[in-house]
Amino acid sequence: MHNNSSGHRFRDVEHHPLLAENDSYDSSSSEADMAERVWFIRDGCGMVCAIMTWLLVVYADFVVTFVMLLPSKDFWYSVINGVLFNCLAVLALSSHLRTMLTDPGAVPKGNATKEYMDNLQLKPGEVIYKCPKCCSIKPERAHHCSICKRCIRKMDHHCPWVNNCVGEKNQRFFVLFTMYIALISAHALILCGFQFFSCVRGQWTECSDFSPPVTVILMIFLCLEGFLFLTFTAVMFGTQIHSICNDETEIERLKSEKPTWERRLRWEGMKSVFGGQPSLLWINPFAGFRIRRLLLRAKKGGPEFSV
């Protein structure tokens, strides 16, 4: 809800009349009902990319554990690196799940009704916008996602690798996902370097339980995967932190949208996304997760699929 000063809205929002009283409105899409459902996007490309992400992390864990660490004669080297790598992998996949299964800030479909308008208690002269694609009142800084088929609050972008939009409610988990993937990629590359040095020094005898050709192929593929993932996620992590500190989403930056909101810069922006003062909870993807609540949601209404 805002006035005409945000001129960019005229370019990406069609100005249709609001729904009349007899127009249909699916009350099952209300915010209260959405809070009782599990969020999941039924997009073929996104689901394939999400599965590929998991398989690549599992492959990296297999090579690190069974090709490099278990055959090592240094017990503490294997234990320390094995525990560290697997903990980071669990945190990365947990962050991925939280990003994928968390409502990014979807605006309820079809809430542009006269009854809803009356409840807003608008002042004379106030201007609101209706999204013609999902028939919803479009809040400030919200954008419509053609894949999720919803307007998303503070939408940054739609990421196929997490099969979801990155928005107001799940950006924190996406940042953690990119951070932990970058860390395990860097860790895997370092371990590969040590392993190659050890194998060459020992003339490829007893450096792995696999044959030298198989060991080389597995490690080369892991190096390529680690380098690509490290480059991509490190850049994405830096971009996300920059956006948070400047209180500007990627879409707003690309569209050169002039801010009509009060910006939360630097630490204020970080605290608004990660919640509260800096603490270990900032890097914990399990913070706020309740298994009992998830089971109740699944029992009450099943998954909230985007259709």
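Treat the numbers as computed from the prediction; the structure is a model and nothing was measured.

### A word on the UniProt feature "transmembrane region" (unreviewed entry) in the chain
In the numbering used here, UniProt assigns the feature "transmembrane region" (unreviewed entry) to residues 44–69, 75–93, 173–196 and 216–237. Its end C-alpha atoms 34 Å apart, residues 173–196 is made of 100% helix and 0% strand. Split by type, residues 216–237 is 100% helix and 0% strand. Its first and last C-alpha atoms lie 31 Å apart.

### Quick look at the side chain of threonine 65
Tracing the backbone shows threonine 65 in helix 3 (residues 44–69). A residue is classified by how much of its surface remains accessible, and threonine 65, at 16% relative accessible area, is buried. At 2.8 Å, the side chain of threonine 65 and the backbone oxygen of aspartate 61 are in polar contact. Every residue in contact with threonine 65, bar those within four places of it in the chain, is listed here: Leu70, Pro71 and Asn86.

### Comments concerning the pattern of salt bridges
All chains considered together, the criterion is met by 5 salt bridges. A salt bridge links aspartate 247 to arginine 141, with the shortest nitrogen-to-oxygen separation between them at 3.0 Å. Here the residue aspartate 247 occupies a position in the loop between helix 7 (212–246) and helix 8 (250–254), and arginine 141 occupies one in the loop between strand 3 (136–138) and strand 4 (142–145), the gap between them amounting to 106 residues. According to the relative accessible area criterion, arginine 141 is buried, its value standing at 9%. The salt bridge involving glutamate 250 is made with arginine 253; its shortest N-O contact spans 2.5 Å. Within this pair, glutamate 250 and its partner arginine 253 are both found in helix 8, separated by 3 residues, close to a single helical turn. Using a relative accessible area of 17% as the deciding quantity, one classes glutamate 250 as buried. A single salt-bridge network, built from bridges that share partners, covers Arg141, Lys154, Asp247 and Glu252.

### A word on the packing of aromatic side chains
Tallied over the full model, the rule gives 7 aromatic pairs. Ring geometry for phenylalanine 174 against phenylalanine 177: centres 6.5 Å apart, planes inclined by 45°, an arrangement best described as tilted. Here the residue phenylalanine 174 and the residue phenylalanine 177 both occupy positions in helix 6 (residues 171–201), the gap between them amounting to 3 residues, near one helical turn. Of the two residues examined, phenylalanine 174 and phenylalanine 177, each falls in the buried class. For the pair phenylalanine 274 and tryptophan 282, a centre-to-centre distance of 5.3 Å together with 25° between the ring planes defines the contact as stacked. When its relative accessible area of 9% is taken as the criterion, tryptophan 282 is described as buried. A network of ring pairs unites the aromatic residues Phe62, Phe66 and Phe210 as a single cluster.

### Regarding a nonpolar patch on the surface
On the surface, a cluster of nonpolar side chains totalling about 420 Å² of accessible area is made up of Phe62, Phe66, Leu70, Phe210 and Val214. Relative to the helices and strands, phenylalanine 66 is located in helix 3.

### As for the pairing of strand 5 (residues 150–153)
Residues Arg150 and Ile152 point to one face of strand 5 and Cys151 and Arg153 to the other, with burial holding for every one of them. Bridge analysis of strand 4 against strand 5 gives 4 bridges, and the strand direction is antiparallel. Paired with alanine 142 across the strands is arginine 153, a residue of strand 5.

Reading the values: the criteria
- Residues numbered from 1 in each chain as written.
- Predicted model: local features only at pLDDT ≥ 70, side-chain atom pairs only at ≥ 80, totals over all residues.
- Heavy atoms only, no water.
- UniProt positions renumbered as here; feature names shortened; annotations may be inferred.
- Helix = DSSP H or I, 4+ residues; strand = E, 2+ residues; numbered from the N terminus.
- Buried < 20%, exposed > 50% of the residue type's maximum accessible area, 1.4 Å probe, protein only.
- Polar contact = N/O pair within 3.5 Å; in protein donor to acceptor, adjacent residues only side chain to side chain.
- Contact = heavy atoms within 4.5 Å.
- Salt bridge = Lys/Arg side-chain N within 4 Å of Asp/Glu carboxyl O.
- Phe/Tyr/Trp six-rings, centres within 6.5 Å; stacked < 30°, edge-to-face > 60°.
- Patch = residues over 30% accessible without salt bridge, like charges linked within 9 Å, V, L, I, M, F, W, Y side chains within 5 Å.
- Areas by Shrake-Rupley, 256 points an atom, 1.4 Å probe, with all protein chains shown as cover.
- Pairing = 2+ DSSP bridges.

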